[in-house]
Amino acid sequence: MKKIFVLMLALMLTLSGMAQISQMVRKTTPSLEPETTHATFYGVQIDGTVEQFASNLLAVKDWEVMQKEDSKIFLKGTDHLNREVIVMAGDVQLNDGIVDMVTMLYKYGDAWDELMSGFNTLYNEYVELLGEPVRVNDPFEGDLSGEEKVSLIISGQAQYQVMFAIDNGVLILSFLPERDKILVCVMFMDVENCGLLPGVK
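## Regarding the nonpolar core
Consideration 1: If you look at the biggest cluster of nonpolar residues, it comprises 40 residues, and the most contacted ones within it are Phe41, Phe53, Phe175, Val186 and Phe188.
Consideration 2: Leave out the neighbours within four places in its chain, and Phe41 touches Ile46, Phe53, Leu57, Trp63, Val87, Val102, Met104 and Phe188.

This is the structure in structure tokens:
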């Protein structure tokens, strides 16, 4: 599990111009709920200590705690469409004790066609909810086979990413290598707690 967080950190560091994210963050539809200053995950603000965030999240989601550490927590359960998912939340970026990222991990299969089918399902859901992405990184050039693409992702030589703007944060849809497998991941990042706003932390 630690390897996953290291890989996520490496994934985040590849995104150029992260300070400009603050200009991409936009408000979506007006809400009658009180305005928040943090991105949310299932209605829970991505803020506070890991223990506080986990407590708030488990109050609204009937998920099982898999593992708990000082700076992160691992949960498992099903998402809003009853798909099995592993959820990781933690202080990944600044190591200041405040939750800054929540990641959902999906297992769709081993073959490229299966992985892309799962990826595209999630992509289409988020386009419908959030509109078109603000950034797409497709590292594959030329006529590569699915097996070659899988190999490049597992070896860390390629990172396929799509970024969406969400209220007070960003959502990154990507592939994440875990040992000899690939997971489809959805990362919810709070812009303020990740220190991505100019002048913040």
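There's plenty left to go through after this.
## Digging into the pairing of strand S5 (residues 84-90)
Consideration 1: By the criterion of burial, S5 is predominantly enclosed, with 5 of the 7 residues buried.
Consideration 2: If you look at the hairpin formed by strand S4 (residues 72-78) and S5, you'll find 5 residues sitting between the two strands, and Asn82 has a positive phi there, around 65 degrees.
Consideration 3: Strand direction decides the pairing type here: S5 and strand S6 (residues 101-106), joined by 5 bridges, are antiparallel. When the sheet's bridge partners are listed, Ile86 is paired in S6 with Leu105.

## Considering the sheet that holds strand S10 (residues 181-190)
Consideration 1: Reading across from one edge, S3-S4-S5-S6-S10-S9-S8-S7 is the order of the 8 strands in this open sheet, with antiparallel pairing throughout. Single-partner strands in this sheet number two, and they are strand S3 (64-68) and strand S7 (135-137). Direction aside, neighbouring strands of the sheet carry axes that sit 20 degrees apart on average.
Consideration 2: Note: S7 against strand S8 (residues 161-166), 3 bridges, orientation antiparallel. Paired with Arg135 across the two strands is Met163, which belongs to S8.
Consideration 3: The strands touched by helix H4 (residues 112-130) within the sheet are S6, S8, strand S9 (169-178) and S10, with S9 carrying the most contacts at an inclination of about 175 degrees.

## So, unusual backbone geometry
As a rule of thumb, non-glycine residues mostly have phi less than zero, and peptide bonds are mostly trans rather than cis.
Consideration 1: Unusually for a residue other than glycine, Tyr42 sits at a positive phi of about 50 degrees.
Consideration 2: Turning to its location among the elements, Tyr42 is positioned in the loop between strand S1 (40-41) and strand S2 (44-45).

## A closer look at the pattern of salt bridges
Consideration 1: Using the criterion set out here, one finds 7 salt bridges in the structure.
Consideration 2: Note that Lys72 and Glu69 form a salt bridge whose closest N and O atoms lie 3.2 Å from each other.
Consideration 3: Here Glu125 makes a salt bridge to Arg83, at a shortest N to O gap of 2.7 Å. Taken together, the residues Glu125 in helix H4 and Arg83 in the loop between S4 and S5 connect sequence positions 42 residues apart. Neither Glu125 nor Arg83 differs from the other in exposure class; each is buried.
Consideration 4: Three or more residues joined by partner-sharing salt bridges are found here, namely Asp79, Arg83 and Glu125.

## Quick word on the confidence of the model for the protein
Consideration 1: Averaged over every residue, the pLDDT of the protein is 82; residues scoring 70 or more account for 79%.
Consideration 2: Across the protein, S6 holds the top mean pLDDT of 96, while helix H2 (residues 21-24) sits lowest at 38.

## Looking at the environment of Asp110
Consideration 1: In this fold, Asp110 is placed in the loop between S6 and H4.
Consideration 2: Between the alpha carbons of Asp110 and Asp180 there is a distance of 9.2 Å; along the sequence they are 70 residues apart.
Consideration 3: Once you skip the residues sitting within four places of it in the chain, Asp110 turns out to touch Leu115, Val150 and Lys181.
Consideration 4: A polar contact of 3.4 Å, which involves the side chain of Asp110, links it to the side chain of Lys181.

Calculation rules
Residues numbered from 1 in each chain as written. Predicted model: local features only at pLDDT ≥ 70, side-chain atom pairs only at ≥ 80, totals over all residues. Heavy atoms only, no water. Core = buried A, V, L, I, M, F, W, Y, C linked by side-chain atoms within 4.5 Å. Buried < 20%, exposed > 50% of the residue type's maximum accessible area, 1.4 Å probe, protein only. Contact = heavy atoms within 4.5 Å. Helix = DSSP H or I, 4+ residues; strand = E, 2+ residues; numbered from the N terminus. Pairing = 2+ DSSP bridges. Axes fitted to C-alpha atoms, helices over the stretch in contact; angles between N-to-C directions. Salt bridge = Lys/Arg side-chain N within 4 Å of Asp/Glu carboxyl O. pLDDT = per-residue confidence, 0-100. Polar contact = N/O pair within 3.5 Å; in protein donor to acceptor, adjacent residues only side chain to side chain.

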